[in-house]
Amino acid sequence: MLFNSLEFAVSFPVVCALYFLVPRGLKTPLLLVASCGFYMAFIPAYILILFTTILVDYFAGIWIENSEGRRRRTLLWVSIVVTCVILFVFKYFFFTDTLPPFHGGAPASLEPALKIILPIGLSFHTFQSLSYVIEVYRGHQKAERDFVTYATYVMFFPQLVAGPIERPQNLLHQFHEPQGFDHERVVSGLRRMAWGFFKKLVVADRLALFVNDVYGAPQQHNGLQLTIATVFFAYQIYCDFSGYSDIAIGSARVLGFTLMENFERPYQSTSISEFWRRWHISLSTWFRDYVYFPMGGSKVSRPKWVRNILVTFGVSGLWHGAAWTYVIWGLLNGVYLVFGGMTNGLRNRCLGAMGLHEATLLRRFLMWLTTFVLIGITWILFRAKTFSDAWYILTHLYSGWDLATLKTQNFQLKHFPVAIFGIALLEFLQYAEGRWQVSGRLVRLPTLVRWPAYASVVYFVILFGVYQSAQFIYFQF
């Protein structure tokens with residue numbers, strides 16, 4: 001079920017009302033039933049695949065906790081392999097067909113069936129399940145004995161299909177501590193949801209009209225349109241994904257749950273490493289804790305550190321999609337980090353010799369601009385359908401600019417002011433929140449001022465939103 005659908009607008013208040021009314025012992029079962037309904041609204045068959053993963057890791061967690069030594073390690077690996085095989089079969093089976101040793105080996109007759117039942121959000125709940133068994137193995141988390149509670153931890157509907165990817169230490173215990181109705185917390189959650197809907201409906205879905213036209217047929221558009229589409233996509237994917245996270249965090253907060261933050265104003269970063277500390281935080285920390293650190297992280301020789309970075313980002317790229325464009329996207333980010341780490345001292349000396357010391361405004365602006373451009377280049381690989389499309393866009397960004405030809409088939413000139421105003425408003429409000437904590441000040445305003453302000457935000461979203469029930473980009477992962 002999409003957050004931006006009529007079904008969610010009707011069912012979410014009903015679920016919340018029932019949750020606050022039913023006895024304490026029925027709250028978690030109610031959430032499990034609601035989560036099943038939320039997930040089955042896409043395609044009912046998805047639920048069978050999801051429950052297979054849940055059953056495997058539920059019993060694996062108990063058996064791992066009751067075991068020691070080699071048996072404990074074996075059970076962990078059996079759980080990881082079984083869970084990853086499910087992910088592999090439905091997401092990567094036909095990707096292996098592009099590898100030279102397996103080229104042409106995958107039976108084409110299976111492709112339609114596997115694509116039909118490709119579960120939405122499979123990578124997200126697979127990683128959440130894996131983090132549970134790994135944390136039980138490491139002794140950081142007690143195995144959950146109650147199946148309903150464990151199933152609800154994996155299936156909790158606000159973050160089921162696109163995260164944040166939670167750790168059991170943060171989320172699992174909250175199902176044992178159900179919260180009653182709290183007016184301030186509910187209003188706070190609704191405010192966060194409204195912010196997410198602004199990002200998704202007003203900014204992301206409007207920019208998508210231009211991006212989809214240009215990236216759908218890049219050869220038919222000039223360099224200016226390609227450049228604008230690339231900048232627009234940077235904001236589209238940010239507002240689409242962080243908007244989903246805001247709605248997820250806000251709806252969970254309404255019910256009394258606290259989810260981890262997933263974004264921290266990433267486009268205000270002044271380096272690639274800072275960007276990755278602010279972008280998709282739940283996935284970045286997942287790869288850091290379960291892939292990068294176990295390989296030695298940065299506490300190894302320089303060649304091994306380079307290997308660790310490239311392997312982590314290469315796998316991260318593959319997690320996003322079964323296509324080489326995603327793998328190269330991940331590796332390119334890894335190359336950025338390696339190059340940045342190896343040249344950091346030299347760059348500091350050169351900039352210092354030019355009088356551009358760390359605190360200077362010009363240096364920070366140049367670092368911000370460089371970071372934004374480098375990330376924008378990686379988004380071309382992420383968004384383009386093929387390598388040839390990505391290469392065409394990269395090599396034609398600065399050619400054939402024609403100010404008289406800006407509109408596309410679905411994005412008219414009249415859409416530009418709203419799109420640009422939406423981006424500007426987004427950046428201003430994010431800056432204001434970081435500098436002046438606007439949301440905290442808003443809460444302290446008199447009711448007669450505060451509620452008209454809330455109503456104005458809702459009216460703005462209704463007035464300027466794009467309503468095509470567009471799916472969130474990260475659902476495909």
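Everything that follows concerns the structure shown earlier in this document.
Residues numbered from 1 in each chain as written. Predicted model: local features only at pLDDT ≥ 70, side-chain atom pairs only at ≥ 80, totals over all residues. Heavy atoms only, no water.

Participant: Can you explain the overall build of the protein? Please cite residues and give values.
Facilitator: Each helix and strand in the protein was counted, giving 19 helices and zero strands. Over its C-alpha trace the protein gives a radius of gyration of 23 Å, about what one expects of a compact globule, namely 23 Å for 477 residues. Considered along the principal axes of its C-alpha atoms, the protein spans approximately 65 × 65 × 50 Å. Per-residue burial over the protein gives 52% buried out of 477 residues. Counting only contacts in the protein whose residues sit at least 6 apart along the sequence, the fraction spanning at least 24 positions is 76%. Total accessible area computed for the protein in this model is approximately 22,400 Å², and 68% of it derives from carbon and sulfur atoms. Side-chain charges in the protein split into 39 positive and 26 negative, and the spacing between the mean points of these groups amounts to 6 Å. (Helix = DSSP H or I, 4+ residues; strand = E, 2+ residues; numbered from the N terminus. Rg over C-alpha atoms; globule rule 2.2 N^0.38 Å. Buried < 20%, exposed > 50% of the residue type's maximum accessible area, 1.4 Å probe, protein only. Contact = heavy atoms within 4.5 Å. Areas by Shrake-Rupley, 256 points an atom, 1.4 Å probe, with all protein chains shown as cover. Lys, Arg positive; Asp, Glu negative; His and termini not counted. Charge placed at Lys NZ, Arg CZ, Asp CG, Glu CD.)

Participant: Go over helix 13 (residues 302-320) with me, naming the residues and quoting the values.
Facilitator: For helix 13, spanning 19 residues, the distance from its first C-alpha to its last is 27 Å, which sits close to the expected 27 Å at 1.5 Å a residue. Those residues of helix 13 not exposed but buried are Trp305, Asn308, Ile309, Thr312, Phe313, Gly314, Ser316, Gly317, Trp319 and His320. (Expected span 1.5 Å × (residues − 1).)

Participant: Pulling in residues and values, what's your account of the nonpolar core?
Facilitator: In terms of nonpolar packing, the biggest core is built from 124 residues, with Phe232, Tyr267 and Trp379 touching the most fellow members. Of the residues forming this core, the biggest block, 18 residues, is contributed by helix 10 (residues 223-254). Within the second largest apolar cluster, six residues are counted, among which are Ile49, Phe90, Tyr92 and Leu122. (Core = buried A, V, L, I, M, F, W, Y, C linked by side-chain atoms within 4.5 Å.)

Participant: Pulling in residues and values, what's your account of the packing of aromatic side chains?
Facilitator: Going through the model one piece at a time under the given rule, you end up with 62 aromatic pairs. Judged by centre distance (6.2 Å) and plane angle (40°), the ring pair of Phe232 and Phe416 falls under tilted. One end of the pair, Phe232, is in helix 10; the other, Phe416, is in helix 17 (residues 415-436), with 184 residues separating them in the sequence. Seen from their ring centres, Phe263 and Trp279 are 5.0 Å apart, and the 90° between their planes marks the pair as edge-to-face. Here Phe263 is found in the loop between helix 10 and helix 11 (272-278), whereas its partner Trp279 is found in the loop between helix 11 and helix 12 (281-292), with 16 residues between them in sequence. Owing to a relative accessible area of 10%, Phe263 belongs among the buried residues under this scheme. Residue classification places Trp279 among the buried residues on the basis of a relative accessible area of 1%. (Phe/Tyr/Trp six-rings, centres within 6.5 Å; stacked < 30°, edge-to-face > 60°.)

Participant: Mind laying out the side chain of Asp240, listing which residues take part and the relevant values?
Facilitator: Within the secondary structure layout, Asp240 lies in helix 10. The buried category is assigned to Asp240, whose relative accessible area is 3%. Looking at Asp240, its side chain comes within polar contact range of the side chain of Lys200, at 2.7 Å. (Polar contact = N/O pair within 3.5 Å; in protein donor to acceptor, adjacent residues only side chain to side chain.)

Participant: Got a sec to walk through a nonpolar patch on the surface? Specific residues and values, please.
Facilitator: Among the surface-exposed residues, Leu362, Phe365, Leu366, Leu369 and Val373 lie close enough to one another that they form a single nonpolar patch of about 420 Å² accessible area. The exposure class assigned to Phe365 is partly exposed, which follows from its relative accessible area of 43%. (Patch = residues over 30% accessible without salt bridge, like charges linked within 9 Å, V, L, I, M, F, W, Y side chains within 5 Å. Salt bridge = Lys/Arg side-chain N within 4 Å of Asp/Glu carboxyl O.)

Participant: Tell me about the pattern of salt bridges, and name the residues and values.
Facilitator: Overall, the coordinates contain 10 salt bridges when judged by the stated rule. Between Asp246 and Arg192 there is a salt bridge whose closest N-O contact spans 2.7 Å. Linking Asp246 in helix 10 with Arg192 in helix 9 (residues 183-216), this pair joins segments that are 54 residues apart in sequence. The class for Arg192 is buried, based on a relative accessible area of 16%. Among the ionic pairs, Arg192 bridges to Glu261, the shortest N-O distance being 2.7 Å. Of this pair, Arg192 sits in helix 9 while Glu261 sits in the loop between helix 10 and helix 11, and the two are 69 residues apart along the sequence. One salt-bridge network, held together by shared partners, links Arg192, Lys199, Asp246 and Glu261.

Participant: So what's going on with the packing of helix 14 (residues 324-353) against helix 15 (residues 361-383)? Residues and values would help.
Facilitator: Close contact between helix 14 and helix 15 brings their axes to 9 Å; oriented N to C, the two are set at 160°. Between helix 14 and helix 15, the angle falls in the class roughly antiparallel. Crossing of helix 14 over helix 15 shows right-handed handedness. Side by side, helix 14 and helix 15 meet where Thr325, Tyr326, Ile328, Trp329, Leu332, Asn333, Tyr336, Asn348 and Leu351 of the first sit next to Arg363, Leu374, Ile375, Ile377, Thr378, Trp379, Leu381 and Phe382 of the second. The residue makeup of the contact of helix 14 with helix 15, split by class, is 12 nonpolar, four polar and one charged. (Axes fitted to C-alpha atoms, helices over the stretch in contact; angles between N-to-C directions. Parallel < 35°, antiparallel > 145°, perpendicular 65-115°, else oblique. Left-handed = near helix turned anticlockwise from the far one by under 90°. Nonpolar A, V, L, I, M, F, W, Y, C, P; charged D, E, K, R; others polar.)

Participant: Give a description of the packing of helix 13 against helix 14 that names residues and reports values.
Facilitator: Interaxial distance between helix 13 and helix 14 falls to 7 Å at its minimum, and their mutual angle equals 150°. Considering their axes alone, helix 13 and helix 14 lie roughly antiparallel with respect to each other. Both helix 13 and helix 14 take part in a crossing whose hand is right-handed. Judged by residue contacts, Arg302, Trp305, Val306, Ile309, Leu310, Phe313, Gly314, Gly317, Leu318 and His320 of helix 13 engage Tyr326, Val327, Trp329, Gly330, Leu331, Asn333, Gly334, Val335, Leu337, Val338, Gly341 and Met342 from helix 14. Looking at the contact of helix 13 with helix 14 residue by residue, the classes come out as 14 nonpolar, seven polar and one charged.

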